[in-house]
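So you can see what is in the structure, the chains are spelled out below.
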Amino acid sequence: MSRPEAPAEPVEPIIPAEADPAVKVPLAIEDWLAVILLAALALITFLNVLVRYFTDQSFAWTEEISVFLLIVLTMAGGSVAFVRNHHIRIEILADNGSPRRQRIMALIANFCVLAFFVLLTVLSVKLVSDEFIYEETSPAIGVPTWWYSIWLPVMAAAISLRTLGTLRRLWKAPLPKADGGQA
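Cut-offs applied
Residues numbered from 1 in each chain as written. Predicted model: local features only at pLDDT ≥ 70, side-chain atom pairs only at ≥ 80, totals over all residues. Heavy atoms only, no water. Core = buried A, V, L, I, M, F, W, Y, C linked by side-chain atoms within 4.5 Å. Buried < 20%, exposed > 50% of the residue type's maximum accessible area, 1.4 Å probe, protein only. Helix = DSSP H or I, 4+ residues; strand = E, 2+ residues; numbered from the N terminus. Contact = heavy atoms within 4.5 Å. UniProt positions renumbered as here; feature names shortened; annotations may be inferred. 1 Å grid on protein atoms, 1.4 Å probe; cavity = no way out; pocket = protein on both sides within 12 Å on 5 of 7 lines; lining within 4 Å. Points joined across faces, edges and corners; volume = space filled by probe spheres on them. Nonpolar A, V, L, I, M, F, W, Y, C, P; charged D, E, K, R; others polar. Domains from an automatic or database assignment. Polar contact = N/O pair within 3.5 Å; in protein donor to acceptor, adjacent residues only side chain to side chain. pLDDT = per-residue confidence, 0-100. Patch = residues over 30% accessible without salt bridge, like charges linked within 9 Å, V, L, I, M, F, W, Y side chains within 5 Å. Areas by Shrake-Rupley, 256 points an atom, 1.4 Å probe, with all protein chains shown as cover. Salt bridge = Lys/Arg side-chain N within 4 Å of Asp/Glu carboxyl O.

Draft legend 1. Layout of the nonpolar core. Counting 19 residues, the largest nonpolar core has L69, M75 and F117 as the members making the most contacts within it. Considering every element that reaches this core, the biggest residue donor is helix α2 (residues 61–83), with eight residues. If we skip the residues at most four places from it in the chain, F117 touches M75, F82, A156, I159 and S160.

Next comes the structure, spelled out in structure tokens:
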């Protein structure tokens, strides 16, 4: 009778699982919003394909609603991408060099993102107010266009707040030592 072997040592994953940063407003809000929007988009598109296949016509409103859903979906995804540090960046600049240089690059990048989304929030509020004042309607269904565009300043403001939180965490984080410890 042979002895049972001792369990093998746990193997470190090639790509370590990163935990979400500690945030005051849970990231699950944007995660679930993205899931719901993507499901609605898939359902609307599937129904339109079925109607087109069986009747040779399509719903006029599906393109309008799909564009709206894609914009909000993109903004929700962008919001969590900035917090989780999964946004597009030039990695040779952002991830190389000393920890101090990486931190400075991250602060500069996040400050630029914050400035962009604050500006987008302000300008999109102006857009929504113009659409409301001039009573613009959508071409396909004839509803007020501000019903769609109101979500642009809301989501841009959410990204601004998320980026501000990221900047705060970056600013307060201790600088790691060269040997891996904390400074």
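Draft legend 2. Representation of the UniProt feature "transmembrane region" (unreviewed entry) in the chain. Sites flagged by UniProt as "transmembrane region" (unreviewed entry) map to residues 32–53, 65–83, 104–125 and 145–164. What you have in residues 104–125 is 100% helix and 0% strand, and the ends, taken at the C-alpha atoms, are 32 Å apart.

Draft legend 3. How the structure looks around the environment of L114. When you line up the elements, L114 lands in helix α4 (residues 99–133). Owing to a relative accessible area of 13%, L114 belongs among the buried residues under this scheme. For the pair L114 and S160, spaced 46 residues apart in the sequence, the C-alpha separation amounts to 5.4 Å. When neighbours within four sequence positions are excluded, L114 is seen to be in contact with S160, T163, L164 and L167.

Draft legend 4. Quick look at the layout of surface pockets. Estimates place the volume of the largest pocket at around 900 Å³. N85, Q102, A106, N110 and L170 are, among the 32 residues lining the largest pocket, the residues nearest its centre. Counting residues per element, the ones that place at least two in the lining of the largest pocket are α2, α3 (91–94), α4 and α6 (151–172). Counting residues per element, the lining of the largest pocket draws most heavily on α4, which supplies eight residues. Looking at the lining of the largest pocket residue by residue, the classes come out as 18 nonpolar, seven polar and seven charged. Split by domain, the lining of the largest pocket shows at least three residues from each of two domains, domain 1 (27–85) and domain 2 (90–174). Looking at the second largest pocket, its volume works out to about 370 Å³. As for the second largest pocket, its lining consists of 15 residues, of which K24, V25, A158, L161 and R162 are closest to the centre. If you list the elements that add at least two residues to the lining of the second largest pocket, you get α1 (28–55) and α6. Here the lining of the second largest pocket takes eight residues from α6, the largest share from any one element. Across the lining of the second largest pocket, the residue classes break down as nine nonpolar, one polar and five charged. Here the lining of the second largest pocket gathers at least three residues from each of two domains, domain 1 (27–85) and domain 2 (90–174).

Draft legend 5. View of the side chain of S124. Mapped onto the elements of the fold, S124 is located in helix α4. Reaching out from S124, the side chain makes a polar contact with the backbone oxygen of L120 at a distance of 2.7 Å. Among the polar contacts listed, one links the side chain of S124 to the backbone oxygen of T121, at a separation of 3.1 Å. Beyond its immediate stretch of four places on either side in the chain, S124 contacts L152 and P153.

Draft legend 6. Examining the confidence of the model for the chain more closely. Within the chain, residue pLDDT values average 86, and 86% of them lie at 70 or more. Here α3 stands out as the element of the chain with the lowest mean pLDDT, 80, in contrast to α4, whose mean of 95 is the highest. Ignoring residues within four places in sequence, the model shows residues 11–17, a span with pLDDT below 50, making zero contacts including any to other chains.

Draft legend 7. Broad picture of a nonpolar patch on the surface. Side chains of L43, F46, L47, L50, Y53 and F54 sit close together on the surface and give an oily, nonpolar patch of about 680 Å² of accessible area. Along the chain, the position of L43 falls in helix α1.

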